[in-house]
Amino acid sequence: MVVKGIVRGGAIWLEGPLPQLEGRQVRAEIEPVDEVEAQPRARELQQAWDDWVAHGPQGPLEGGEAEDAGWP
């Protein structure tokens, strides 16, 4: 499992909770994340989101389809 976080003093703040590990003793391998490396991934995710918003899982909702589906 790979989870990103930020080190602040002796604590590591993770991007989100890990309920499956709550209260358990764990071993962590820590290495810095190169900011330049992280940026292309962020751009890829933004592009994927933009594509999904534009086309949806089966194409964009238009006109009557959107109204029938309960969309404003």
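Treat the numbers as computed from the prediction; the structure is a model and nothing was measured. (Residues numbered from 1 in each chain as written. Predicted model: local features only at pLDDT ≥ 70, side-chain atom pairs only at ≥ 80, totals over all residues. Heavy atoms only, no water.)

A word on the overall build of the protein
Link 1 in the chain: A tally of helices and strands in the protein yields two helices and two strands.
Link 2 in the chain: Split into buried and exposed, the 72 residues of the protein put 1% on the buried side.
Link 3 in the chain: Per element, the accessible surface of the protein, about 7,000 Å² overall, is 54% carbon and sulfur. (Helix = DSSP H or I, 4+ residues; strand = E, 2+ residues; numbered from the N terminus. Buried < 20%, exposed > 50% of the residue type's maximum accessible area, 1.4 Å probe, protein only. Areas by Shrake-Rupley, 256 points an atom, 1.4 Å probe, with all protein chains shown as cover.)

Examining the pairing of strand 2 (residues 11-14)
Link 1 in the chain: Bridge count between strand 1 (residues 5-8) and strand 2: four bridges; the pairing is antiparallel. Across the sheet, the residue bridging to Ile6 is Trp13, located in strand 2. (Pairing = 2+ DSSP bridges.)

Some points on the environment of Glu31
Link 1 in the chain: Here Glu31 shows up in the loop between strand 2 and helix 1 (35-55).
Link 2 in the chain: In this structure Glu31 comes out as exposed when scored by relative accessible area, which is 59%.
Link 3 in the chain: In this structure, the C-alpha to C-alpha distance between Glu31 and Lys4, residues 27 residues apart in sequence, is 9.8 Å.

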